[in-house]
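The residues making up each chain are set out below.
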Amino acid sequence: MTGRDAVVREEDLQAYVDGCAGGERRTEIEAYLAQHPDVRERVMLEQRQRATLRGQLGGKFAEPVPSRLWIVNIQAARRRRWARRAGLAAAGVLLFAGGIGAGWIGASRTETAAARATPATTAVADSASAAYRTFVVEVAHPVEVDARHEAHLLQWLSRRLGKPLVAPDLSRFGYRLMGGRLLPSDDGAAAQLMYDDPAGKRLTVYVRAAQGNETAFRFRHEGEISTFAWIDRGFGFAVTGAVSRDELLPIAEAVYHRLNGGGAGTAKD
């Protein structure tokens, strides 16, 4: 290979794994792999895992889409959330009217009052909670890549997030890593790591890009689901489980220490 095609980039390798590299480019990638056995071994492993996942998930594609995932129901739920947030924002404007609130009222911006009034940690907690509810009930396919392939899982998720990711050891709390999956988010990709205990109770660690630097924990409780969320250096994190606040807080602190390498923030309601 010569010229501009002499370099095989990571995206070329991923296209090859996905079967999207064709013609002359495929031939060049295969020549590159022949010269780099270590890269070839990794690519072959990813191809095998992709084939295995497709085989395991083949039956899911034939199942009807659950009503909770219908676009019309998702849109309706979002409209209800936006309406509630708009009401909170309107109340905030009234309280702010004596000061800079007047500037908010007079501003002609496309950003909605609800979006301004919603902390970034709330958005992270919403996404983490929704992902938890969607996948924690799965029996056959709770994760996309299981813990037997932990190194590959973390390498894959780190590459997609643009951030080195580790799986916190939660064994002292009675939880072991089951595996994880890649999820979409408003700011690109998100990662979900799932854990369970000997009784089958599950919790998740969620990571995605997010604006802000709010290292203080924000707690929310919805039904039986509890979530601690925080933001650090451009990324949002959340720990979610069907446990009490007191049980989840030390787990969230341990995850914070492992993923962020600092002192735990102060928990807030």
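As the structure is a computational prediction, the values presented were derived from the model and not from experiment.

1. Considering the environment of serine 171
- Counting through the fold element by element, serine 171 comes out in the loop between helix H8 (150-161) and strand E2 (176-185).
- Each C-alpha atom of the pair serine 171 and aspartate 197 lies 8.7 Å from the other, and the pair is 26 residues apart in sequence.

2. Looking at the pattern of salt bridges
- If you walk through the whole model with that rule in mind, you get 16 salt bridges.
- For glutamate 30, the salt bridge is made with arginine 26, and the minimal N-O distance between the two is 3.4 Å. Taken together, the residues glutamate 30 and arginine 26, both in helix H2 (residues 23-35) and four residues apart, mark about one turn of the helix.
- Glutamate 30 gets classed as partly exposed once you look at its relative accessible area, which sits at 34%.
- Residue class for arginine 26 comes out partly exposed when judged on its relative accessible area of 31%.
- The shortest N-O distance in the salt bridge between arginine 148 and aspartate 146 comes to 2.7 Å.
- Relative accessible area serves as the criterion here: at 69%, arginine 148 is assigned to the exposed category.

3. Digging into the packing of helix H1 (residues 10-17) against H2
- Put simply, H1 and H2 touch, their axes get as near as 11 Å, and they point 105° apart. Judged on the interaxial angle alone, H2 and H1 are roughly perpendicular. Between H1 and H2, the residues in contact are Asp12, Leu13 and Tyr16 and Arg25, Arg26, Ile29, Glu30 and Leu33, respectively.
- By residue class, the composition of the contact of H1 with H2 is four nonpolar, no polar and four charged.

4. A few points about the confidence of the model for the chain
- When pLDDT is averaged along the chain, the result is 80, and 74% of the positions lie at 70 or above.
- Counting contacts from residues 95-117, a segment whose pLDDT is below 50, to residues more than four positions away or on other chains yields 13 contacts.

5. Let's talk about unusual backbone geometry
- The phi dihedral of arginine 233 is positive, around 50°, even though this residue is not glycine.
- By the element assignment, arginine 233 lies in the loop between strand E6 (225-232) and strand E7 (235-241).
- On the basis of relative accessibility, which here comes to 59%, the residue arginine 233 falls in the exposed class.

6. A short note on the pairing of strand E4 (residues 202-209)
- Across the eight residues of E4, seven count as buried, placing the element largely inside the fold.
- Sheet topology note: the strand E3 (residues 188-196)/E4 ladder contains seven bridges and is antiparallel. Opposite aspartate 196, over in E4, you have arginine 202 as the bridge partner.
- Here E3 folds back onto E4, and the loop between the two strands holds five residues, one of which, glycine 200, carries a positive phi near 90°.
- Across seven bridges, the pairing between E4 and E7 is antiparallel.

7. Some thoughts on the nonpolar core
- Leu157, Leu165, Leu193, Tyr195, Trp230, Val239 and Val255 are the most contacted members of the largest nonpolar core, which totals 35 residues.
- Those elements that provide at least two residues to this core are H8, E2, E3, E4, strand E5 (217-222), E6, E7 and helix H9 (245-260).
- The biggest single contributor to this core is H9, with seven residues.
- For valine 239, the contacting residues outside a window of four places in its chain are Leu203, Thr204, Val205, Ser226, Thr227, Phe228, Trp230, Leu248, Ile251, Ala252 and Val255.
- Val124, Ala125, Met178 and Ala238 belong to the second largest nonpolar core, which has 15 residues in total.

8. Some details on a positive patch on the surface
- On the surface, Arg78, Arg79, Arg80, Arg81 and Arg84 cluster together into a positively charged patch.
- Of note, arginine 84 is situated in helix H4 (residues 71-96).
- On the basis of relative accessible area, arginine 84 is assigned to the exposed category, the value being 54%.

9. Digging into the packing of aromatic side chains
- Within this structure, the stated rule accounts for six aromatic pairs.
- Plain terms: the ring middles of phenylalanine 217 and phenylalanine 228 are 5.9 Å apart, the flat faces sit at 55° to each other, and that makes the pair tilted. Of this pair, phenylalanine 217 sits in strand E5 while phenylalanine 228 is found in strand E6, placing the two residues 11 residues apart along the sequence. With respect to class, phenylalanine 217 is no different from phenylalanine 228; both count as buried.
- Both rings, one in phenylalanine 217 and one in tyrosine 256, keep their centres 5.9 Å apart while their planes meet at 80°; by these two values the pair is edge-to-face. Taken as a pair, phenylalanine 217 in strand E5 and tyrosine 256 in helix H9 lie far apart in primary sequence, 39 residues in all. Assigned by exposure class, phenylalanine 217 and tyrosine 256 land together as buried.

Cut-offs applied
- Residues numbered from 1 in each chain as written.
- Predicted model: local features only at pLDDT ≥ 70, side-chain atom pairs only at ≥ 80, totals over all residues.
- Heavy atoms only, no water.
- Helix = DSSP H or I, 4+ residues; strand = E, 2+ residues; numbered from the N terminus.
- Salt bridge = Lys/Arg side-chain N within 4 Å of Asp/Glu carboxyl O.
- Buried < 20%, exposed > 50% of the residue type's maximum accessible area, 1.4 Å probe, protein only.
- Axes fitted to C-alpha atoms, helices over the stretch in contact; angles between N-to-C directions.
- Parallel < 35°, antiparallel > 145°, perpendicular 65-115°, else oblique.
- Contact = heavy atoms within 4.5 Å.
- Nonpolar A, V, L, I, M, F, W, Y, C, P; charged D, E, K, R; others polar.
- pLDDT = per-residue confidence, 0-100.
- Pairing = 2+ DSSP bridges.
- Core = buried A, V, L, I, M, F, W, Y, C linked by side-chain atoms within 4.5 Å.
- Patch = residues over 30% accessible without salt bridge, like charges linked within 9 Å, V, L, I, M, F, W, Y side chains within 5 Å.
- Areas by Shrake-Rupley, 256 points an atom, 1.4 Å probe, with all protein chains shown as cover.
- Lys, Arg positive; Asp, Glu negative; His and termini not counted.
- Charge placed at Lys NZ, Arg CZ, Asp CG, Glu CD.
- Phe/Tyr/Trp six-rings, centres within 6.5 Å; stacked < 30°, edge-to-face > 60°.

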